[in-house]
Amino acid sequence: MSTSPKVAVVDDDEQVRESLAALIQSMDLEVECFASGPDFLDHYTHDQPGCVVLDLRMPQLSGLEVVEALTSRNIKVPIIMISGHGDIPAAVSAMKAGAVDFLEKPYRGAALMDSVRRAIELDERNQKTEAERGLLLERFGSLTDEERQVLELTAIGKPDKAIALKLDLSLRTIQLRRASLMRKMNCHSRAELIRLSETLKQTTA
């Protein structure tokens, strides 16, 4: 995945697309323009950090319908909704659909630029969190069933002797299993192991 941010602009008005593209390029950002919702959905790939500047009212598919389609495909990208007919109900609908900001035309260029910066920063944080989540799940998947037992009992505060007694194993066996699972989980202390266990619960909930 490229680490260079890219902004997608979706608007059926060519002049608006060109204006938005020029503004975004002035921020030293890559921009990709689409003239309709279907064109965007057919070609857009969220393969680098960025956001989508999306017109609310378009033929074929509205901005809200585009957001719903992205959600159904599990594409989690920050959306900045813009509209020349914006009102409070439209803004509320946009936010409920997943937009991170709503701007009414004519918008100030500075306001749009600030919104784009915030959206990209949000996407970068989200992608970092998702990568960390994937790595944690990968490490957890490398544990044996026996090591997971020790992890679960350690996470609820059971000392080694109590774990050995519950599993009907020697204390030495428990210590060896914990050493192995801590190595696989890249943990350096029991406290860190417990924190990771809590994170795993939230991740797999």
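By convention here, each chain's residues receive numbers from 1 onward along its written sequence. The model is predicted, so local features are restricted to residues of pLDDT at least 70 and side-chain atom pairs to those at 80 or more, both for listing and for counting; the totals for chains, interfaces and linings are taken over all residues. Heavy atoms throughout the structure, all of them, feed into the side-chain values; hydrogens and water do not.

Examining the overall build of the chain
Turning to step 1, where the next piece is worked out: Where helices and strands are cited, they refer to DSSP runs of H or I of at least four residues and of E of at least two residues respectively, numbered from the N terminus. Counting secondary structure elements, the chain contains nine helices and five strands.
Turning to step 2, where the next piece is worked out: Traced from its N-terminal end to its C-terminal end, the chain shows the element sequence β-α-β-α-β-α-β-α-β-α-α-α-α-α.
Turning to step 3, where the next piece is worked out: For this measure, only C-alpha atoms enter the radius of gyration; the expected value for a globule follows 2.2 Å times N^0.38, where N is the number of residues. Rg of the C-alpha trace for the chain: 24 Å, well past the compact-globule value of 17 Å for 205 residues, more than 25% over.
Turning to step 4, where the next piece is worked out: In terms of overall dimensions, the chain has C-alpha extents of about 75 × 35 × 30 Å along its principal axes.
Turning to step 5, where the next piece is worked out: Throughout, exposure labels follow a simple rule: accessible area from a 1.4 Å probe, protein chains only, divided by the maximum for the residue type, with under 20% read as buried, over 50% as exposed, and the rest as partly exposed. Evaluated residue by residue, the chain yields a buried proportion of 41% over its 205 residues.
Turning to step 6, where the next piece is worked out: Once local pairs closer than 6 in sequence are excluded, the contacts in the chain between residues at least 24 apart make up 63%.
Turning to step 7, where the next piece is worked out: Taking the average place of the 26 positive charges on the side chains of the chain and the average place of its 32 negative ones, the gap between the two points comes to 14 Å. Here, two residues are considered to be in contact whenever any of their heavy atoms come within 4.5 Å of each other. None of His or the chain ends enter the tally, which takes Lys and Arg as positive and Asp and Glu as negative. A charged residue contributes its charge at one atom only: NZ of Lys, CZ of Arg, CG of Asp or CD of Glu.

A closer look at the environment of Gly50
Turning to step 1, where the next piece is worked out: Locating Gly50 in the fold gives a position in strand S3 (residues 50–55).
Turning to step 2, where the next piece is worked out: Residue classification places Gly50 among the buried residues on the basis of a relative accessible area of 0%.
Turning to step 3, where the next piece is worked out: Once the C-alpha coordinates of Gly50 and Glu14 are considered, the two residues, 36 residues apart in sequence, prove to be 22 Å apart.
Turning to step 4, where the next piece is worked out: If sequence neighbours within four positions are ignored, Gly50 has contacts with Lys6, Val77, Pro78, Ala119, Ile120 and Asp123.

Considerations on helix H4 (residues 88–97)
Turning to step 1, where the next piece is worked out: For H4, the full list of buried residues reads Ala90, Ala91 and Ala94. Buried residues of H4, viewed axially, fall in a sector of 100°; they line one side. Those residues of H4 that are exposed and aimed more than 90 degrees away from the buried face are Ile88, Pro89 and Lys96.
Turning to step 2, where the next piece is worked out: The inward-facing, buried residues of H4 abut helix H3 (63–72), strand S4 (79–83) and strand S5 (99–104).
Turning to step 3, where the next piece is worked out: Two residues or fewer after H4 comes Gly98, characterised by a positive phi angle close to 125°. Working definition: the arc comes from the directions between the helix axis and the C-beta atoms, pointing outward to the latter.

Comments concerning the pairing of strand S2 (residues 30–34)
Turning to step 1, where the next piece is worked out: The pairing of strand S1 (residues 6–10) with S2 spans five bridges and is classified as parallel. By the bridge assignment, Ala8 is partnered in S2 with Glu32.
Turning to step 2, where the next piece is worked out: In this region the chain leaves S1, passes through helix H1 (residues 14–25) and returns to the parallel neighbour S2; the handedness of that crossover is right-handed. Here, any two strands with at least 2 DSSP bridges between them count as paired. For a crossover, the right-handed case is the one in which the path from the first strand over the helix to the second runs clockwise, viewed with the strands pointing away from the viewer.

Topic: the packing of aromatic side chains
Turning to step 1, where the next piece is worked out: What counts as a ring pair is set by centres within 6.5 Å for rings of Phe, Tyr and Trp (its six-membered ring), and what kind of pair is set by the plane angle: stacked under 30 degrees, edge-to-face over 60, tilted for all other angles. Under the defined criterion, the tally for this structure stands at two aromatic pairs.
Turning to step 2, where the next piece is worked out: Centroid distance Phe34 to Phe40: 5.3 Å. Interplanar angle 75°. Geometry classified as edge-to-face. The same class applies to Phe34 as to Phe40, namely buried.
Turning to step 3, where the next piece is worked out: Among the aromatic residues, ring-to-ring pairing joins Phe34, Phe40 and Tyr44 into one connected group.
Turning to step 4, where the next piece is worked out: A cation sits over an aromatic face here: Arg148 above Phe140, 4.3 Å from the ring centre. Ring-over charges, as used throughout, are those where CZ of Arg or NZ of Lys falls within 6 Å of the ring centre and within 35 degrees of the ring normal.

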